[in-house]
Amino acid sequence: AKHVQTAFEHKALALEELEAYKSELLRVNANLHRRLFQVKVLLSLWSERDKALDVKDFLSRFLETLLPGLPFEYGCVIIRPIADMGSETIFAKKVPSGKAASQDSLEDPSEKDGTLWTDIIDPEVKDFLLQESSACMQTPSIRMSSVVGSMRGGVSPATITVLSLRLKQGDDPLGSVHFLTEQTNPQVSVGVNDFLLNLSSQVSAQLQIQALSSTTRLDPLTRLFNRGYLNDRLREEIVRFSRKREPFSLVLLEIDRFTQVSGIHGQASTDEVLRGVASLLKRSCRGSDAVCRYSGPVMAILLTDTPSAGAKIFAENVRKSVETTEFASPGMSVRITVSLGIAEFPADGDGLEALIAQAEHALQAAKESGCNTWKSAA
């Protein structure tokens, strides 16, 4: 009986040791997964620094890597005016894997490429995020809060949990990162909490670098990208076409009788008109498109994954929008018309120079038609 009791005691001790080993293995495994996740994010942050086209593109790529490892469905970035970037910018990114979103919502045209833009975020949620952005500037720690609202149109309001993290370089506020979920009490481990805090300083430094880099490719008057940036993007799209075989279009827009507008209303009014048209174009485009100052009163729009049929619809909508808009200028309002020319790659030009030449030819044909409309390149 004594030997049996001893055997049971040894078995109990062995089971306790096994449970202890199991717990330790689970802990080590969890730490390993967390470290691998952190390494993946850091590698992405470093490797993508030169590939990103602008600040928003850099942060969008960063969120795509970061979100799947966190218990949140959306990531939102609020960028303060830095490096002469202009006004405050806010946008959100959905988990790219569709982790918490149905296939139907992913196919919503207002959520193109998984990006959820501010025009379809609940205004109350936007206002709350702006308040949180200011509040989190005062604390070095992560803030957890909640707001009642919806992240997508047509969805009933619910309690949204928000984790906020500041982006700060020295004493200068650069912006903030926010993670949002409709899950109840999302669990953020101490390790992930510390990782996010450490990561914020690295993102802040990279954000400044990206912002300074982007200013060299911006037109100082309209805050649109310049001709050099357009050429770079066109070359990238040509390379991408060789892999995906998806055509894209280049649209050139020119303000009609621009010299007369300048002579009648003055230079100050002309500058306001240019800024107004630039703002209208940026609102009309998707995040994957590019709007650039081509030369003088001419602006260029690169429409990715868009054949000429779609570009014609876009151009006609822009033309009508411009004609019905009163552009504010000092002491008056100005109404204008525009002409647009379209060229599709590769149908209208199988190289950079050929595509641009066909777009210019189409624009000239539209101007000569006298009806202030676009014509596709022949």
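Structure: see above.
Here we summarise the structure given alongside this text. (Residues numbered from 1 in each chain as written. Predicted model: local features only at pLDDT ≥ 70, side-chain atom pairs only at ≥ 80, totals over all residues. Heavy atoms only, no water.)

### What about the overall build of the protein chain?
Okay, so step 1: For the protein chain, the helix and strand inventory stands at 10 helices and 13 strands.
Okay, so step 2: Here the analysis covers contacts within the protein chain between residues at least 6 apart in sequence; of these, 64% occur between residues at least 24 apart. (Helix = DSSP H or I, 4+ residues; strand = E, 2+ residues; numbered from the N terminus. Contact = heavy atoms within 4.5 Å.)

### Observations concerning the nonpolar core
Okay, so step 1: Core analysis: the biggest nonpolar cluster contains 29 residues, and Leu 253, Ile 255, Val 277, Leu 281, Ile 301, Val 318 and Ile 336 have the highest contact counts within it.
Okay, so step 2: Elements with a contribution of two residues or more to this core: strand 7 (248-255), helix 7 (258-265), helix 8 (267-284), strand 9 (298-303), helix 9 (308-323) and strand 12 (338-345).
Okay, so step 3: Residue contacts for Ile 336: discarding those within four places in its chain leaves Ile 255, Val 261, Val 273, Val 277, Val 322, Glu 323 and Phe 327. (Core = buried A, V, L, I, M, F, W, Y, C linked by side-chain atoms within 4.5 Å. Buried < 20%, exposed > 50% of the residue type's maximum accessible area, 1.4 Å probe, protein only.)

### A short note on the packing of aromatic side chains
Okay, so step 1: Following the criterion strictly, the structure yields 4 aromatic pairs and no others.
Okay, so step 2: Ring plane angle 40° and centroid distance 6.0 Å describe the contact between Phe 72 and Phe 179, whose orientation is recorded as tilted. Here Phe 72 is found in the loop between helix 2 (55-66) and strand 1 (74-79), whereas its partner Phe 179 is found in strand 6 (residues 172-181), with 107 residues between them in sequence. Considered together, Phe 72 and Phe 179 belong to a single accessibility category, that of buried residues.
Okay, so step 3: Both rings, one in Phe 241 and one in Phe 345, keep their centres 5.3 Å apart while their planes meet at 90°; by these two values the pair is edge-to-face. Residue Phe 241 is located in helix 6 (residues 227-244), and its partner Phe 345 is located in strand 12; the two are separated by 104 residues in the primary sequence. Residue Phe 241 shares its accessibility class with Phe 345, and that shared class is buried. (Phe/Tyr/Trp six-rings, centres within 6.5 Å; stacked < 30°, edge-to-face > 60°.)

### Structural notes on helix 4 (residues 123-136)
Okay, so step 1: The end-to-end C-alpha distance of helix 4 is 20 Å, a good match for the 20 Å that 14 residues give at a rise of 1.5 Å each.
Okay, so step 2: Measuring from the backbone nitrogen of Glu 124 back to the side-chain oxygen at the start of helix 4 gives 2.9 Å, which picks out Asp 122 as the cap. (Expected span 1.5 Å × (residues − 1). Polar contact = N/O pair within 3.5 Å; in protein donor to acceptor, adjacent residues only side chain to side chain.)

### Considering the pattern of salt bridges
For side chains bearing opposite charge, pairing can occur when the charged atoms are close.
Okay, so step 1: Applying the stated criterion across every chain yields a total of 13 salt bridges.
Okay, so step 2: A salt bridge links Arg 233 to Glu 237; the shortest N-O distance between them is 3.7 Å. Pair noted here: Arg 233 and Glu 237 are both in helix 6, with a separation of 4 residues, about one helical turn.
Okay, so step 3: A residue is classified by how much of its surface remains accessible, and Arg 233, at 6% relative accessible area, is buried.
Okay, so step 4: Ionic pairing is found between Glu 254 and Lys 367, a salt bridge with its closest N-O pair at 3.1 Å. Of this pair, Glu 254 sits in strand 7 while Lys 367 is found in helix 10 (residues 352-369), placing the two residues 113 residues apart along the sequence. (Salt bridge = Lys/Arg side-chain N within 4 Å of Asp/Glu carboxyl O.)

The values reported here are purely geometric and, on their own, carry no functional implication.
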